[in-house]
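Architecture at a glance
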Amino acid sequence: MAIGRRERVRAWFDAQLRPDGEGRAGLGSVVAAALRASGYGAVGAGFGILALYTIPVAVLVGFLSLLGAGRFLVHPTMQWVRTLAGLERRRLHRLGHDVESPYSGPDVEAPRSLRELRADPSARRDLQWVFLHGTWGLILGAVLINMPFVSVRDATYPLWWAFAPSSEQQILSGMIEAQTAPAAALGFATGIAVFALWLLFGPKLLDLQARAGVNLLGPDPDIDLSERVARLTATRAAALDAHAVELRRIERALHDGAQNRIVAVAVLVGAAKREVPRDPDRAVEILGRAQDTVEDALAELRAVVRSILPPVLEDRGLAGALNALASDCAVPCTVAVDVPGRCPASVEATAYFVVAESLTNVAKHSRATSASVEVTRRGNTLTVAVVDDGRGGADAGAGSGLAGITRRVEALDGTAAVTSPPGGPTEIRVELPCGS
């Protein structure tokens, strides 16, 4: 039974450290994830130190306010708590967590009294996060920071322990005295063990550190319910409008293009039929024109099909499809795609449409000499950014193709922002929720 357990453990480690494409993650990816966890854990520990110092201040201000002597301190204290919580939201956003601010705008003031604080659930949740992150979050951040240093120190301890003062002849951060050669050799084993634990559990410790912010720093679920219902109603209406617009576009494309050409084919075939007994050579000429018209109709039908869901997305993926768009653009364009795996088909199709419409605008209106497309996925958010060095002045509200981009993005509950000052550059940035 012991042999079977060892084999299962070895198989699990092999699955973790197998090269990319064969196992769950390569060794380089595991090390990068652990380094990322320690880096963001260090930032979280910094916020934890600020939160730790905030806790006694908040308790003192609350006590003085109950006595009636510290009411004027409630507002600046809660303003600082809100600022600290906002910094944590930015860190969580970089970690891939979609934590929305519960405050509708920068003009929303922090509570000025304990009564206002009791009536503001978002402020109370910010305070709860300060107490949790100043204790539990700080401890987890300290562990994440120390693990790689402890592993290196202990693994190299047998090389230098004899030269260290007796007060520093310790391993595991002073938990074990190691003043003899056998004890020093134990340091190498503990260093390797700590390194393995850091690789395997560093990202999980970071998730634990972030959990309090994810649960507490977003909008209060009870108060935010009506707002979310209104938002879902608006996005559903936008989706229906976008669907109706798309159907009208397809109908126009079929009616004005392929249908007219097929009617022309019917007319030409009828004319050729009448000419067969009288002038066979003339009939052959008319049939040739009919064949050319049929080929044009097929080309237009293929274009309509590609505009609904481009087959290149299925064949080559999002990166290949966007590179094909860039190669066809009249303006030199670079493409950078960092999207592990595949996104839902609707998200990829919308991203493709955004880039296609943006590059069309660049070629027609911007007078740009270069453009760039950057697509990244962080967590459950796909970000598409198209930048050109043209003359700027693009207006999304003028009813141009930019308005179509906004409609398509809002139909998926995404966001679109256009930055285009006069003189340029122009940046179109779109964020699409794409699930896990």
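Residues numbered from 1 in each chain as written. Predicted model: local features only at pLDDT ≥ 70, side-chain atom pairs only at ≥ 80, totals over all residues. Heavy atoms only, no water.

Labelled according to an unreviewed UniProt entry, the protein chain appears under the name histidine kinase, originating from Glycomyces mayteni. Quoted verbatim from the Catalytic activity (unreviewed entry) field of UniProt, the annotation for the protein chain is "ATP + protein L-histidine = ADP + protein N-phospho-L-histidine." (UniProt positions renumbered as here; feature names shortened; annotations may be inferred.)

Below, the discussion takes up the overall build of the protein chain. Looking only at helices and strands, the protein chain has 12 helices and 7 strands in total. Among the 436 residues that make up the protein chain, the fraction classed as buried is 38%. In the protein chain, the share of contacts with a sequence separation of at least 24, taken over all contacts with a separation of at least 6, comes to 69%. (Helix = DSSP H or I, 4+ residues; strand = E, 2+ residues; numbered from the N terminus. Buried < 20%, exposed > 50% of the residue type's maximum accessible area, 1.4 Å probe, protein only. Contact = heavy atoms within 4.5 Å.)

The subject of this paragraph is helix α2 (residues 27–67). Over its 41 residues, α2 extends 59 Å from the first C-alpha to the last, a length consistent with the 60 Å expected when each residue adds 1.5 Å. A positive backbone phi angle near 90° is found at Gly68, which sits one or two residues after α2. (Expected span 1.5 Å × (residues − 1).)

Here the focus is the UniProt feature "transmembrane region" (unreviewed entry) in the protein chain. As annotated by UniProt and renumbered to match this structure, "transmembrane region" (unreviewed entry) occupies residues 25–43, 49–74, 129–150 and 181–201. Between the C-alpha atoms that bound residues 49–74 the distance is 21 Å, and the span itself is 77% helix and 0% strand. For residues 129–150, the helix share is 100%, the strand share is 0%, and the end-to-end C-alpha distance is 29 Å.

In this structure, Met78, Leu92, Leu127, Trp129, Val130 and Leu217 are the most contacted members of the largest nonpolar core, which totals 35 residues. Secondary-structure elements contributing two or more residues to this core are α2, α3 (74–94), α5 (121–155) and α7 (181–216). Excluding its chain neighbours within four sequence positions, the residues that come into contact with Leu217 are Ala85, Glu88, Arg89, Leu92, Val99, Glu100, Pro102, Asp126, Trp129 and Ala212. The next biggest cluster of nonpolar side chains, apart from the first, holds 34 residues, and it includes Cys333, Cys343, Val354 and Ile405. (Core = buried A, V, L, I, M, F, W, Y, C linked by side-chain atoms within 4.5 Å.)

Moving on, we come to the sheet that holds strand β7 (residues 426–433). On the basis of which strands lie adjacent, the open sheet formed by 5 strands has the order β3-β4-β5-β7-β6 and mixed pairing. In the strand order of this sheet, the two ends are held by β3 (333–338) and β6 (415–419), each with one partner. Neighbouring strand axes in the sheet, compared pairwise and without regard to direction, differ in orientation by 10° on average. Sheet analysis places β6 next to β7, joined by 5 bridges and oriented antiparallel. Looking at the pairing, Val418 lines up with Ile428 of β7. Together, β3, β4 (371–378), β5 (381–388) and β7 form the strand contacts of helix α11 (residues 345–366), whose direction differs from that of β5 by roughly 10°. (Pairing = 2+ DSSP bridges. Axes fitted to C-alpha atoms, helices over the stretch in contact; angles between N-to-C directions.)

Time to look at the confidence of the model for the protein chain. Looking at the protein chain as a whole, its pLDDT mean stands at 79, while 81% of the residues score no less than 70. No element of the protein chain has a lower mean pLDDT than helix α1 (residues 2–17), at 52, and none a higher one than α3, at 91. Counting contacts from residues 16–25, a segment whose pLDDT is below 50, to residues more than four positions away or on other chains yields 19 contacts. (pLDDT = per-residue confidence, 0-100.)

This part takes up a nonpolar patch on the surface. Taken together, Trp136, Ile139, Val143 and Leu208 make up a surface patch of nonpolar side chains, about 360 Å² in accessible area. Of the residues forming the nonpolar patch, the biggest block, 3 residues, is contributed by α5. Among the secondary structure elements, Ile139 is positioned in helix α5. (Patch = residues over 30% accessible without salt bridge, like charges linked within 9 Å, V, L, I, M, F, W, Y side chains within 5 Å. Areas by Shrake-Rupley, 256 points an atom, 1.4 Å probe, with all protein chains shown as cover. Salt bridge = Lys/Arg side-chain N within 4 Å of Asp/Glu carboxyl O.)

With that out of the way, let us pick up the environment of Ala283. Summarising the element assignment, Ala283 is placed in helix α9 (residues 280–308). Given a relative accessible area of 3%, Ala283 falls into the buried group. Sequence separation between Ala283 and Lys273 is 10 residues, and the spatial gap between their C-alpha atoms is 7.0 Å. Ignoring anything within four residues of it in the chain, the contact list for Ala283 reads Ala272, Glu275 and Val276.

It is worth spelling out the side chain of Glu88 at this point. For Glu88, the position within the fold is in helix α3. For Glu88, the contacting residues outside a window of four places in its chain are Phe47, Trp129, His133 and Leu217.

All right, on to α11 then. In a regular helix each residue adds 1.5 Å, so 22 residues correspond to 32 Å; α11 covers 30 Å between its end C-alpha atoms and thus fits that length. Just past α11, the residue Arg367 takes up positive phi, approximately 60°.

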